[in-house]
Amino acid sequence: MIAAIILVLVVSAVTFAIFFLVPKIGGQSTTQLATQYVGKDANPESIAAVKKNLGLDLPLYEQYWHFIKAIVMGANYKFGPDAAQCHRPCFGYSFKSHVEVWPQIKDRIPVTFSLAIGAAVIWVISGVVIGVISALKRGTIFDRLSMGVALAGVSLPIFFTGMVLLGLFSYKWTVWDNVQYHSFTSDPGQWAWNLVLPWISLAFLYSALYARLTRAGMLETMGEDYIRTARAKGLPERVVVGKHALRAALTPIVTIFGMDFGLLIGGAIITERVFSFQGVGAYAVQGVRDNDLPIVLGVTMVAATFIVLCNLVVDLLYAAIDPRVRYS
Amino acid sequence: MNSRKATAALALAMAMALGASACSSDSKDDKGGNKPSSGSSKAAKGTDAALTSIVNASDKKGGTVVMENSDVPDSLDPGNTYYGWVQNFSRLYARTLLTFKPAAGKDGLTVVPDLATGLGKASADAKTWTYTIRSGLKYDDGTPITTKDIKYAIERSNFAPEALSNGPTYFKSYLEGGDKYQGPYKDKNPNGIASIETPNDTTIVFHLAKPFADFDYLATFSQTAPVPQAKDDGAGYVKHIVSSGPYKFASYTEGAGATLVRNPQWSKANDPVRTALPDRYQIKFKVDAVTIDNNLLAGNTTVDSGGTGVTPQTQAKVTGPKYKSSTDDSYAGATAYMAINPKVKPFDNIECRKAVEYAIDKVSVQTAIGGSVKGDVATTLLPPTVNGYAKFDEFPTEGNKGDKAKAKDALTKCGHPNGFSVNMTARSDRPAEMAQATAVQNSLKQVGINASIKSYPAGKYFSNFAGVPSYVHEHQLGLMMTAWGADWPTGYGFLDQIVDGSAIKPSGGNNLQELNDPAINKALSDAISNTDAAARTKAWGDIDKMVVDTATVVPLIYRKNLLYRPDNATNVTVTQAYLGMYDYLLLSSSK
Amino acid sequence: MSTTDGSVPDSTPDSVPDGGPDRTPDGGTPGGGAVLRKDAPSAPGEPVLTVGPAPAGDGYLSVRDLRIHFDTDDGLVKSVDGLSFDLPRGRTLGIVGESGSGKSVTSLGIMGLHRTARARISGEVWLDGEELVSAHPDHVRRLRGRKMAMIFQDPLSAMHPYYTVGAQIVEAYRVHHKVSRKAATDRAVEMLDRVGIPEPKKRFRDYPHQFSGGMRQRAMIAMALVNNPELLIADEPTTALDVTVQAQILDLIRDLQKEFGSAVIMITHDLGVVAEVADDLLVMYAGRAVERGTAETLFTAPRHPYTWGLLGSMPRLDRERLDRLNPVKGTPPSLINVPSGCAFHPRCPYAALTGGAAETDVPELREVGPGHLAACHLADDESVRIWTEEIEPKL
C-alpha cells in the first residue's frame, strides 16, 4: 500500500518535471508558458496576472509542494470576486479554463468506466469462449477462421472498427443516430443503447487478443499432467475442460485483464475520440494539447492510482485462484 | 500456415470493403437540396445560396438545433471568450448593447440595436459614447437588467485577467483610466471604473481616453452582455450563466457540451432582433471532425458550430453532384499571409523583400491548400467581406503566378543576384499552413532563394516562437506564415492588431513583421478618430495599401470555408459579421 | 474388504454393480447394453485365448496385439507395436524398459487416454470381459477411475494445484458414485487414513503443494483407490521420490494390493523397484515385448541381452559389484525408423553371434522356459552360457 502511494507520487513528480523542465531546455520561460493561457490578446498585464495567479512565478519545488499539499489538504484559489475553496483531493485548477480539475475527472470517470466495463464483459466472455473452443478444436475450420478473424481484430485499430461501425449504423442506416453518453442513473436503457457501438469496437480488439491468449493458455494447460489425471479419474470431458483446464488457463488472463482494465480506466482515448465521449482520455488529450499541467497531472495520477488498484485486486484475485500464491 | 494468412487477409479485406461502403453511402434516396421543406419555404436553393439569401426559410416554431464542435470553446462565458463562433452563439443567451443584423449577404454587416434602443450617441470627438437600453428587460430569474450589470460585465471581462483572461481587452485599451483600474475582483470600490457611468438603470456612458469611432462595434462584443454582480463568481460563472436572451442553460458540462431551452422571461416584444424559433439547442464539444461531417450528411446534426467548414476528406465528397447544392463556400473573413521581418537580413533591404513578393506563385499556394474552394488568391490584407476592403495589387504578376524576371531584378538591386538562404516558419499542426509554406518554398527556389521551413506547434507559435521578436532575431526567422481574422468586421478591427507599432510585444504579439511605421500608425489613429463613416471606410483601404507597399507582408489567400447545410436545417444564411459561418440567431431546425 | 459401502447406494451412473474381487464376469453387457464392440472376433465376455502366445489364459486384463501409432509431421511413430499380455487379479505385472520403450504409452492406451486425432490404436484390450479399444469412449470413461485407476510419476504435477487434495479425491469418488458430499468426504478421509497420512481430516483441506513428496504420492494412491478399482496401473510411482520414501510407497502399494486383491501394473525403468513388488515381468524395447516371465525367472535366468543390461544398471545394496557393467550402451532407437531385424541389434554386444539374423529378421517372442518368453536370435545354449559365464558373476 505504501509502495503504491510512493509509486503514484513518483509518477506525479516525473510528470511535473517533464512538463516544466523539457520545455525549459527548449528555452521556454514561465512568462511564455503563461502567455499560452491568455487568449489572443496577450498584453503584458494579463500575462503577469495569469502567471502570478497560477503560481508560475514560484520556484518549481514550491509549485510541486503546493500541488501535493492541495491533494491532501485542499487549497484556496482566487479566480473571481471571492476565494474559492478547492476541497481535497484538490488537483488544482485548469491553467486554461480555471475550472477545478478533480470534479472534471470525477464526472468523466463514469463515462470511461461505462465504456470499459461493458466492453470488458463482452471481450472476456467472447474471447474466452472462442479461445476455449479454438483450443479444443485445434486445427479445425472453426479454429482457423476464428484465429484469422482474431488476427485481423488485433491488427485493426479501434478507430477503424469504430469508424466502420459508425459509418454503417449511424450514418448509413441511422440505427444509432447521434451516439452520445447518457448516465446510467438517469436512463439505463439509453446508457446501454448508446454504448453498444463503442463497446463492440473496443471489445473487438480485446476479445481478439483474449481469444488468442485463452487458446494458447488452454493448449498449454490441456497438456498438463493434472488434466491427464482428471481424465484418468473418469471425469466427463466438460468437467475436465470447464473445471480443471479453464481455471488454470484463466489465471494469466486475470493478470492481463487487470492491467488492461486499469489502463482503460485511465482513458480509452481512441474510443472516446471516435465516439466523441467525454471521458477521462478525452480530458487528458485536451490537457496535453493545451499544455494544461493540472489536467495532465490529475489524469496521470488518477490513472496511475487505478492501475495500481487494479493490480492490487489482481494480486488478491490471484491469491484466491492459486493457493500456491496464498500460502507462500 | 498459408491458409491462416489467407483467412486473415480475407477478414481484413471484408472489413475494408465494409468501411468503403460505409464511406460511399450510395443510398438511393435523394438527399439533394431540392426537396421542399416544411413551413413557408422560399425559392432560394442550391450551391452558395446561403451566401446571399436565407435558405429553407421558415417561420415554424419548435425543433431542436443540434450543434457539434470538434474542439472546446475558450469559454461560453460571454465575458471570457475570443472565439468568433461563441460570439455568434452566445447571442442566444446573452444579449448585448448592439449586435449584427441577422440577415443575408452584406446586410449581415449592419450593426443594429439589441438591448439598446439605438446606436451609440457619440460626442463630436468620438470620445464619449452614450447608450440607452430598453426598459422592462429581465434575466431568466426574473430580476431586471440594468446598465450597471453591463458596466460590471465590461469590468470583469476586461480588467480581471487573473480569472478571465481569454477575451479581448479593447475596453481596457480605450477607456479612460483603463490602464490603472484593477478590476472588480481586486478593486473593491463599489463604484467600479469611473469612466463608465450609469446615471440611471437604462443609461450607460463610456468615456474614452482617445477618439474611437468604431465604438459601436465594441458594443456588439459579447462582453457587453449584462452579468449580475451577485451571481458572478469569476471563472466559475460559466457553470451557471444567467441568461438575458431567449434561451437559458438547461445543462452545462465543462468541456462536453450544453443544452439550451427557452427562457420564459424573455419577451419577443422587447427584442427586435431574434425570431427564436427552435425550442432547444444542443451543443456537443470535442466531437471528431469527420464524425461531425458524417453526422451533417446523415442529417443527425444541424450545424458544425465552429463554422470553419468540412474536413478535406468530406470536401471531396460534398463537391460532388450529390451534395454540391447543399454547400456554401463562404469567405472566412480572414487572410492567410506571410510576414517578412525586415530585422532579419537580408530583408532589411526592401528590394530583397520585393524579390519575395514577386517570386511567389500564389496560384500554386492556392492549389496546395485545396483549390478555390479553400480560398481566393489575395493581394490585400483586408479580405473582401471586411468593411473598408479596397481592391489593389501592388506587386502584380501574370495570372498571380509569380514573375521570375521581376524577382531576379529585385534580387540584383538588393545585392544578391544569385539569391540567398532564409528561414521560414509555419505551424506544424496546421496542414494547410504547412502546405502553403511548401508551395512558397518551391516558388522561392525558382529564383534562387532557399527557404528552409521551421515548424512549431500552434499552441506556442506566438507565445514562444514567431511572436517573440528576440527569438525571431536570434534564429533568423525571416519569413513567417500566419493568418488573421478581424475582431470586428472593419478595417480597423482587422489591421490594428497586426500592423500597428503598439502590437509588437515581447511575447504573444501578432505584428510578426515588426512593422512600426509612424505614417501607418498615425493613419490608423487618425482614421479611428474620424466619425465620418464613409471617410473612415476609405481610409482602411488606403492603410492596407500603405502596409503592402512596405513589402513586409505577402497576402496569399482570402480564406474560404466550405460549409454544408443539411436538409433539416432551416433559415440558413451565412453571416459576414462572424467569419463567414452561419448566423446562429436565424438558424432553425425542422427536426 | 468392505468399505463404508454399506451407506453407499449401489447405483453408479451406468448401474454397474460395484464389483469386488470375487465378482465374476457377468456376460459382458452389464446393466443394460452398453455397446462394447461391433466386430468382436469372439463373443464378448469370453476371455480371449486364441490370439497370441499368452502364457496364462484367464487374465482379468488381456492385451492382444496392441498397436499404438502416432501420426506426426516427421512420420509414423510406432510407440507400441504388437504387444500382448495377460494379467489376472491379485497379481502384479512389472513393465520395464527405457524411456521411449512404449511402456507409458501402453498404460495410457489401456486407460483409453490417447485422445488425439493423430493416435492410431489397433488390437484389443479386454478388461473383465469387455473389449475397450472398440468400445464407445464414454463407456471407457465410466470405467476409468472405477474399474481401472492410475497412479502417475510426479504427484505434484499430476494433482491439480488449485484444488485441495480432499476435493480432488471427493471428485474422483463422486463422479462414479451418486453420493452426498458428506459421504464422499468421509470416504476420502478414510482413504487418506488408509494410505497412512496422519491427521487425515486436517490434511483433507490442504493443497498438493503443502504435502511432502511421499505424502503427495500417498494421496495420489488414495485418490486412485477410492473406487476400489480392480486394475491399478502405477506409472513410475516412485521415480520422483527419494529412496527411503520409495520403499514406503512400494510397501504401501503391495499392502493395498493384497488387501484389495487388484491386478496391478507397475511401470518402471528401474528393475530394483519391481524386484520387490512384481510377480511377473514384461521387458519392453522399441514398442515390443522382448522378454516376459515371472519375476523370479527374469532375475535369475534372463535370456535377452537387453534384460541383462537392465539388470546391470540395477543398484545392488547386498554386495559390491565387481566391475562396473555399463548397462546398455547406445541410445534408444528411433520409433519412426525402427532398426531392421531385431530393433535392439545396433546396441546388442552379441548381435554378431546370430549369424546376421539379428539385422534382417524380427525375432518372435518364443518360449524359452516354462512361462518364460524371449525375443532373441541367440541360441538357447549360447545365451545361457553368456548369462552364467559373463553376466551373472559381474552383477
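Keep in mind that what you see is a predicted model, and the values were worked out from it rather than measured.

Student: Can you help me understand the UniProt feature "domain: ABC transporter" (unreviewed entry) in chain C in this one?
Tutor: UniProt tags residues 63-311 of chain C as "domain: ABC transporter" (unreviewed entry). Spanning residues 63-311 of chain C, this segment combines 40% helix with 27% strand, and its end C-alpha atoms are found 26 Å apart.

Student: In this structure, what is going on with the packing of helix H5 (residues 101-136) of chain A against helix H6 (residues 141-155) of chain A? I would like to understand it.
Tutor: Relative placement of two packed helices is described by the angle separating their axes and the distance separating the axes. All names here are of chain A. Their axes nearest at 8 Å, the elements H5 and H6 cross at an angle of 140°. Viewed along their axes, H5 and H6 adopt a mutual orientation that is oblique. At the point where H5 passes H6, the crossing takes the left-handed sense. The residues of H6 that touch H5, namely those facing Ile 130, Ile 133 and Ser 134, are Phe 142, Asp 143, Ser 146 and Met 147. Looking at side-chain class alone, the contact of H5 with H6 contains 4 nonpolar, 2 polar and 1 charged residues.

Student: Is there a simple way to think about the interface of chain B and chain A in this case?
Tutor: How big an interface is tends to be stated in terms of the accessible area lost upon association of its parts. Each partner contributes to the interface: chain B provides 64 residues, whereas chain A provides 57 residues. Taken together, the two surfaces of chain B and chain A that pack against each other cover about 5,100 Å², and 52% of this comes from carbon and sulfur. At the surface where chain B touches chain A, the tally comes to 3 salt bridges. Of the charged contacts, one joins Glu45(A) and Lys172(B) as a salt bridge, the two residues approaching to 3.6 Å between their closest N and O atoms. Between chain B and chain A we count 15 residue pairs in polar contact (both at pLDDT 80 or more) in total. Elements supplying a minimum of two residues to the side of chain B that touches chain A: helix H1 (2-24), strand E1 (64-68), strand E10 (280-284), helix H7 (289-298), helix H13 (458-465) and strand E16 (479-485) of chain B. If one sorts the elements of the side of chain B that touches chain A by residue count, H1(B) sits on top with 12 residues. Grouping the constituent residues of the side of chain B that touches chain A by class yields 22 nonpolar, 25 polar and 17 charged.

Student: Would you mind going over the nonpolar core with me for this structure?
Tutor: Across soluble globular proteins, nonpolar side chains show a tendency to be buried alongside one another. In terms of nonpolar packing, the biggest core is built from 198 residues, with Leu76(B) and Phe206(B) touching the most fellow members. Top element by residues in this core is helix H13 (residues 293-321) of chain A. It accounts for 8 residues. In this view, Phe206(B) contacts Leu97(B), Lys127(B), Thr128(B), Trp129(B), Tyr131(B), Ile154(B), Phe171(B), Leu175(B), Ser195(B), Ile196(B) and Phe215(B); residues no more than four positions away in its chain are not counted. One finds Leu108(C), Val170(C), Leu271(C) and Leu335(C) within the second-largest nonpolar core, a separate group that totals 109 residues.

The rules we used
- Residues numbered from 1 in each chain as written.
- Chains lettered and ligands numbered in written order.
- Predicted model: local features only at pLDDT ≥ 70, side-chain atom pairs only at ≥ 80, totals over all residues.
- Heavy atoms only, no water.
- UniProt positions renumbered as here; feature names shortened; annotations may be inferred.
- Helix = DSSP H or I, 4+ residues; strand = E, 2+ residues; numbered from the N terminus.
- Axes fitted to C-alpha atoms, helices over the stretch in contact; angles between N-to-C directions.
- Parallel < 35°, antiparallel > 145°, perpendicular 65-115°, else oblique.
- Left-handed = near helix turned anticlockwise from the far one by under 90°.
- Contact = heavy atoms within 4.5 Å.
- Nonpolar A, V, L, I, M, F, W, Y, C, P; charged D, E, K, R; others polar.
- Buried area = accessible area lost by both parts, 1.4 Å probe.
- Salt bridge = Lys/Arg side-chain N within 4 Å of Asp/Glu carboxyl O.
- Polar contact = N/O pair within 3.5 Å; in protein donor to acceptor, adjacent residues only side chain to side chain.
- Core = buried A, V, L, I, M, F, W, Y, C linked by side-chain atoms within 4.5 Å.
- Buried < 20%, exposed > 50% of the residue type's maximum accessible area, 1.4 Å probe, protein only.

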